[in-house]
Structure formats: structure tokens, C-alpha cells
Amino acid sequence: MSDGSDFPAMRPEEFLEAAKQHTEWIATYFENVREFPVLPSTAPGELTKKLPVKAPERGEPISDIFAEFQSLIFPALTLWNHPRFFGYFAISSSPPAILAEMLAAAVNVNAMLWKSAPAATELEQVTLSWLRQWLQLPEEFFGIIYDTASVSTFQALAAAREWADPESRTKGMRPGLIVYLSEQTHSSAEKAALALGFGQENVRKIGVDAGFRMRPELLEAAVVSDLAAGKRPCCVVATVGTTSTASIDPVPAIAAIAQKHNLWLHVDAAYGGSAAVVPEMRHILEGVEQAHSLVMNPHKGLFVPVDLSVLYIRHPEVLRRSASLSAEYLTTEEDASAMNYMDYGIQLGRRFRALKLWYVFRYYGHEGVVTMLRESLRLAQLLKQWVDGDRDFELAAPVELSLVCFRHRAGDEFNRRLLAEINASGKALLSHTVLRGSYVLRFAIGNMQTREKDVRETWRAIQEIAARLVDESLDASKVKAAR
Ligand SMILES: Cc1ncc(COP(=O)(O)O)c(C=O)c1O
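So, how was this worked out
- Residues numbered from 1 in each chain as written.
- Predicted model: local features only at pLDDT ≥ 70, side-chain atom pairs only at ≥ 80, totals over all residues.
- Heavy atoms only, no water.
- Core = buried A, V, L, I, M, F, W, Y, C linked by side-chain atoms within 4.5 Å.
- Buried < 20%, exposed > 50% of the residue type's maximum accessible area, 1.4 Å probe, protein only.
- Helix = DSSP H or I, 4+ residues; strand = E, 2+ residues; numbered from the N terminus.
- Contact = heavy atoms within 4.5 Å.
- Near = heavy atom within 4 Å.
- Polar contact = N/O pair within 3.5 Å; in protein donor to acceptor, adjacent residues only side chain to side chain.
- Areas by Shrake-Rupley, 256 points an atom, 1.4 Å probe, with all protein chains shown as cover.
- 1 Å grid on protein atoms, 1.4 Å probe; cavity = no way out; pocket = protein on both sides within 12 Å on 5 of 7 lines; lining within 4 Å.
- Sits in = over half its atoms within 2 Å of the grid points.
- Axes fitted to C-alpha atoms, helices over the stretch in contact; angles between N-to-C directions.
- Parallel < 35°, antiparallel > 145°, perpendicular 65-115°, else oblique.
- Left-handed = near helix turned anticlockwise from the far one by under 90°.
- Nonpolar A, V, L, I, M, F, W, Y, C, P; charged D, E, K, R; others polar.

### Here we look at the nonpolar core
By size, the foremost hydrophobic cluster in this structure holds 77 residues, and its most contacted members are L265 and L285. Looking at this core element by element, the count peaks at 11 residues for helix α14 (residues 354-388). The contacts of L265, once residues within four sequence positions are left out, are V236, A238, V251, I254, A255, A258, Q290, A291, H292 and S293. In this structure, A159, V179, V237 and Y344 belong to the second largest nonpolar core, which totals 32 residues.

As C-alpha cells, this is what we get:
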């Protein structure tokens, strides 16, 4: 019988040496991050071709693996943790949160039950209570961590279905339950409705105003019309910080309609929620005290790495009814007195995500977090002024948070080329959307290392590329005219 000495274990000294090299690499990466292109120059399948088809038969030295991470994997990554990553919603993985992730992986607990991970369960309760206080949410809001906002919203809609149709758990869902979104709601809400069986025909997309906010009078009209048609209005999703433009739906007016018609109100503050930690920005959450549920994503704005999304819910017992189903092998003596998070979602196994949130809260404190969030908001206002002051460009939406949507006046094809060129330059990365039929560039500020010079130099690069593209198209039309 083997005593284990011939097993392929990593010795503590080897682990320590490798850990040192890895953390040195991370520290150097943070220091020199601007030297790396934000977008890699790689084509689909290119990396796969460089990697063996089969996993190795025999183990390899960690130094070889790490060397290949540096030479093959890293150069084929889009660098989200880069101060000039301005695409989608810019995010940050902060050094304290990275250390917490290392520890979470080392202890590798599974936070499905209190018993299976007492401290992970209680730290989740404590950090979500701290966050609830920072956001000034009602004390009765129960918090739970999931991986993404898509899953948080899925669980919120599952609770809404349970609330409106308690028999759905045993008999399956009856047809005719209606979900109301806006034309600007993130696709994850419609996806949740699809997965839960509401049916796409029962999802209403309410029109928006000039500022891309849901129009409450259209919501009211849609609910009244559905009631007249014998349907059962179930749930409305309002958004604080929509994905395309960061617009903020009028939550108080939507809440009044929800209350009148007994609708579940879910607020998607996945992106906007973080900004509300800044005291002078708290007004963006006005009305959420009336909500039944609210999602916000610390992995978008609160300096923790992907993934960590938080759902706050007023009636946790409804969520529990929608999701709990135990088995003998999961029962514990503490069930009557302890929190078992597995009862509040479809997943059983759960990562120790609260640890990184705890590290961030403690390392930066409220003051540090607010300082960083405020800077992103300031930089967005600065960029807004620059865009406003350039007659070749126009703002495409109000700047509510730290996202600026704008376009060059030369049309869709021009803006497409402009985006492709700035991204291909590797200097910065922006993304796009379409607003009222027009192609628009999105410049999202949010990485904790972003400084004014990053925004200024990126804006300059955009202006320079635009000027060159204008010259080139003038030259092309001259050649055409001469023919
Ligand atoms: C407003 C909003 N809601 C939900 C989501 C989905 O987030 P996740 O990737 O965490 O599912 C996003 C993603 O950007 C978003 O902007």
C-alpha cells in the first residue's frame, strides 16, 4: 500500500516559490498595465491551434505552465482590468479582492448550508447587511449572493411567479402571467422570463421617453389593456442604469402602478447600484424602498472580480417557496436555527464570494470606495463636456452615471469604422449600441486605475482617427469626382 510519498503533490516550498512568481507577475502587470494592448490581435481559433489536442499524460513543471500563460494565454486576452477598458461596463478587480480569491480557493468551502460553511454563510449575511446600509435600503431586505445579475433576476422573477401563482410550484405555470420591461431593459430579464416559462408573447416592452426611461403612462395603459383581455399582470422590471445609456427609470411612478395593480416590482440596479453608494448620488435609488426585489452587481462597480451579484428581496419566504427542495443527505441539526442559502436559489453548491467583498469593504472603507466611484462620475462629466465642445460629434444620450454615449455626425458606417480603428489600435476599448436606429459609441468609465489622462488621451485618439477618416473619405470623393 502506498504511503502517498509517490503521489504527485506540490511541496510547500515549491508552492511558495510559484506563488511568489505569480504574485510578482500580478504586481508588475498592475504597474505596467498601460503598456499592454487592451484588445488582443487574435482571430477565432488561433489560440486553440497552438494548444495540444490532448491533455498531458504526465504532469509538467509549474514554471512551464506559467511561462505558457505569459506567452500564449495572456496575449490572447481582452484586458478588462485595464485603465483604458471603456467597453460594456468598465470594471475592476482590486488587489485586496484578488488576495481574498486566493484564500477562498485555498479553503475551498461550499456555502450551500450553514453547517457546510458557517463563516462563509455568516460573512455573506454581514457583508450584505453592510452593503444594504451603504445603499440605504430598508432593513427588512434580505440579501443573497449569486454569480451574475442574470441569475439574480431569474430568481426574482421565480419569486414573482410564486407570489402571483402559488400553484405553479406543484401544477406548473398557468398561461397568461405577464412581465413588463422597457425597450431598454437588459436582455437578461427577458431571458429569465423565457427560462421560467412565462413565454415571449407574455413579455411587454414598454416604450421610453427622450432620455430612454420607461414611460409610466404606457406601462399603466399596457396593464389595463392586459387586464381587459383577461391576462394576469405579474411583474414589472424597472432599471436604474440601463445597459445602453445608463438611463434611470422613474421608479416612484412605476412603484405606484405596481402597487395599484398588485405587480411584483423588481429593480435592476446591476450597474447603477454601485453609484448610489456615493451619498450625493443616492437619489437614483429613490422609490426602491417600494420594490419587492433589487439586484446590484458588486462585480460591476465595487472593485471585486467577476463574479458577484447581490439580490435583495423583501419577502425571502416567497423566494424560499420558489426554490427550496431538500434531501435527506442535506439535512442538519441546525436547520431550524441557521441560514441555509441553498434554499434560496436553484444552485446547491456556492462559492465563498462574500470574502472578497469583505476584503474590499475593509481595505478601502466607505470613504475609499466613494472616492473611487466619484472620480469615475467626474471623468464622465468631463468627457461629456469635451464631446459637447466638438462640432463633429454629438452626445447621443444624457450622461447620468459614468457612461458617455456619443457619435460622430458623419453617419453609422463612419462610426463603425471609428470604433473598429480605436479598438484595433490597442490603446483603448470602447463598445457600441444602437439608439433610435443610429449607431452610437459607448465610453464607460469605471476601472479603479483610470486617470484623467487615460480619458483625455483616448478622446484625442478618437478625434485624430475621426479627422483622418474624414480626410480619407474627402480624398476618395475627389478621386471619384475626377473620374
Ligand atoms: C443593467 C444590467 N442588468 C443586467 C446585466 C447582466 O449582468 P450579468 O452579466 O451579471 O448577468 C447587465 C450587464 O451588463 C446590465 O447592464
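### A short note on the site of the ligand
As a matter of local geometry, the ligand sits amid 13 residues, with A149, S150, T243, D268 and N297 nearest to it. With respect to the ligand, the side chain of T243 contributes an N or O atom lying 2.9 Å from an oxygen atom. D268 is positioned such that a nitrogen or oxygen atom in its side chain is 2.7 Å from a nitrogen atom of the ligand. Notes on the ligand: free accessible area 400 Å², of which the protein chains cover 85%. A majority-of-atoms criterion places the ligand in the second largest pocket. Sorting the residues of the shell around the ligand by element identifies α6 (149-164) and α12 (298-301) as the ones contributing at least two each.

### Let's talk about the packing of helix α1 (residues 12-32) against helix α3 (residues 62-73)
Close contact between α1 and α3 brings their axes to 11 Å; oriented N to C, the two are set at 15°. The orientation of α1 with respect to α3, classified from their angle, is roughly parallel. α1 and α3 meet at a crossing whose hand is right-handed. Contacts from E14, A18, Q21, H22 and W25 of α1 reach α3 at I62, F66, F69 and Q70. The residue inventory of the contact of α1 with α3, partitioned by class, reads five nonpolar, three polar and one charged.

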